[in-house]
Amino acid sequence: MRVKFFKWLTNVGFFALLLFSVKTFWDALPDHIYVKVGDTLSYDFRVPVTVSMKEEEVEAVFVEGRATVMNKVEPSYYVTCKLFGVVPVKDIAVTVVEGEAVFAGGMPVGIYAKTNGILVIGMGEVTDIEGVKRSPAKNMIKEGDYIVSVNGKPVEEKEDLIELVHKNGETTEVIGLFRDEEFIEVGVDAVLSGQNRYMLGVWVRDDMAGIGTLTFYRSDQTFGALGHPINDGDTGEMLLMSEGKLYETDIIGIKRGESGNPGELSGVITYSRDSYLGAIDTNSEIGIYGTLDGNLSKLEEGEYCEIGYKQEIEMGPAVILSAVSGEVKEYDIVIESVNFGGYEANKGILLHVTDRELLELTGGIVQGMSGSPILQNGKIVGAVTHVLVNDPTRGYGIFIENMLEH
């Protein structure tokens, strides 16, 4: 009886370990990869799986962390990954592409964005004409809401909101707003303040400005930058944008990063026709995108680079392009790990800054360097997106193919 129990326990333990291994390797493997027509690629996923092509069942042998198969000329197919060559773990979609090359950036850009509506960044109190503090919008309007109308009349700027609220006076204000991408209307009774103005008691913003780095642009002048969204500094949420522009900027100061205290670049943005570089048409989780249709003589010409896909990335030396010194230069980094199956699209690459000059200038990665291209073996493979707060010499990057999916 005891022998049977231990045998049962051993079997349970084996299957539990197997399930854990399958789940672990599932998370470590990508859902989708790109390969270039005619290339023989090594699918180096750094987990002990064999790879076979589903239709032709051409088995790829796993040797010292690598499984190699020849790609096909069809536009797409699947490969199956098997644990120890036996247990199916995951099917990976493979898209065959002609390959692409882009101009790598590294230049700092001034970013101006206009909100799509009036963004509520906080709630406040209004001191009425009797000296009593009141919160008229409490529980009706929330931080992160976008106010788009007052009593049916559209508002695009803060001044529109202020004037319409005051004009309607003590009448209940019907405030139209977007909350979580849904349009709703709420009724708010404005308060007559001690300044003899009717007010809602909300802090609002209708635009923002900042500094980032241009990641790439194509020969048709379309561009991608940042590798992450423009977020509002108060709400922390991705900004809903009605329009945006890129401008020339000059870096005038660097606050070095320290453990627990991220650094940042400071610069001067010149809002003039001569300094206008291009229009932003998309703010997304994987970057900002648009067209360079302005004065391109203000931009340095980028290095023309082939795209390096994530399965081509090697652990070890690479460089980033940045203009923290006033001109675009290469700075040495080490790619420490690659997260093929990561759930955060812009944290696929873990990198470590090793360049002595960059460390002396910035302490590592600082705000404003987001979008700095990552190059390895002459190819652009990603862009810097985040810094580790407790270690500014380390940070994350996004795979360039993710940015190009836009």
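Preceding block: the structure.
These notes cover the structure that comes with them. (Residues numbered from 1 in each chain as written. Predicted model: local features only at pLDDT ≥ 70, side-chain atom pairs only at ≥ 80, totals over all residues. Heavy atoms only, no water.)

## So, the packing of aromatic side chains
Here comes step 1: Following the criterion strictly, the structure yields seven aromatic pairs and no others.
Here comes step 2: Seen in terms of ring centroids, Tyr-247 and Tyr-276 are 6.0 Å apart; in terms of plane orientation they differ by 70 degrees. Their pairing is edge-to-face. With Tyr-247 in strand E21 (residues 241-247) and Tyr-276 in strand E24 (residues 276-284), this residue pair connects regions lying 29 residues apart in the sequence.
Here comes step 3: By relative accessible area, Tyr-247 is classed as buried at 9%.
Here comes step 4: Among the aromatic residues, those joined into a ring-pair cluster are Tyr-112, Tyr-247, Tyr-271 and Tyr-276. (Phe/Tyr/Trp six-rings, centres within 6.5 Å; stacked < 30°, edge-to-face > 60°. Helix = DSSP H or I, 4+ residues; strand = E, 2+ residues; numbered from the N terminus. Buried < 20%, exposed > 50% of the residue type's maximum accessible area, 1.4 Å probe, protein only.)

## Section: the pattern of salt bridges
Here comes step 1: Across all of its chains, the model carries 17 salt bridges by this definition.
Here comes step 2: Note that Asp-206 is salt-bridged to Lys-114, the shortest N-O span being 3.8 Å. Note that Asp-206 is positioned in strand E19 (residues 202-217) and Lys-114 in strand E10 (residues 108-123), a separation of 92 residues in sequence. Both residues of the pair, Asp-206 and Lys-114, count as buried.
Here comes step 3: With a shortest N-O distance of 3.8 Å, Asp-128 and Arg-134 are connected by a salt bridge.
Here comes step 4: The class of Arg-134 is partly exposed, set by a relative accessible area of 41%.
Here comes step 5: One continuous salt-bridge network, built from bridges that share partners, spans Lys-114, Glu-157 and Asp-206. (Salt bridge = Lys/Arg side-chain N within 4 Å of Asp/Glu carboxyl O.)

## Description of the environment of Met-238
Here comes step 1: Along the chain, the position of Met-238 falls in the loop between strand E20 (222-225) and E21.
Here comes step 2: Assessed through its relative accessible area of 27%, Met-238 is described here as partly exposed.
Here comes step 3: C-alpha separation for the pair Met-238 and His-228, spaced 10 residues apart in sequence, amounts to 9.3 Å.

## Description of the pairing of strand E26 (residues 303-307)
Regular strands have side chains that alternate between both faces of the sheet.
Here comes step 1: Across four bridges, the pairing between strand E9 (residues 101-104) and E26 is antiparallel. By the bridge assignment for E26, Phe-103 is matched with Tyr-304.
Here comes step 2: One ladder, built from two bridges, connects E26 with strand E31 (residues 379-388); its direction is parallel. Looking at E31, one finds that Ile-307 is bridged to Ile-380. (Pairing = 2+ DSSP bridges.)

## Section: helix H2 (residues 158-168)
Here comes step 1: Buried within H2 we find Leu-161, Leu-164 and Val-165. Each buried residue of H2 sits inside an arc of 100 degrees when the element is viewed along its axis, so together they form one side.
Here comes step 2: Summarising the contacts, the buried residues of H2 are in contact with E10, strand E13 (146-150), strand E14 (153-154), strand E15 (173-179), strand E18 (198-199) and E19.
Here comes step 3: Gly-169 sits one or two residues past H2 and shows a positive phi near 60 degrees. (Arc of directions from axis to C-beta. Contact = heavy atoms within 4.5 Å.)

## Thoughts on the pairing of E24
Here comes step 1: Looking at chain direction, E21 and E24 are connected through four bridges and run antiparallel. What sits directly across from Tyr-247, in E24, is Tyr-276.
Here comes step 2: Alignment of E24 against strand E25 (residues 287-291), held across five bridges, turns out to be antiparallel. The residue of E25 that forms the bridge with Asn-283 is Ile-288.
Here comes step 3: Between E24 and E25, which pair antiparallel one after the other, the connecting turn spans two residues.

It is worth stressing that arrangement in space is one thing and function is another; only the former is reported here.
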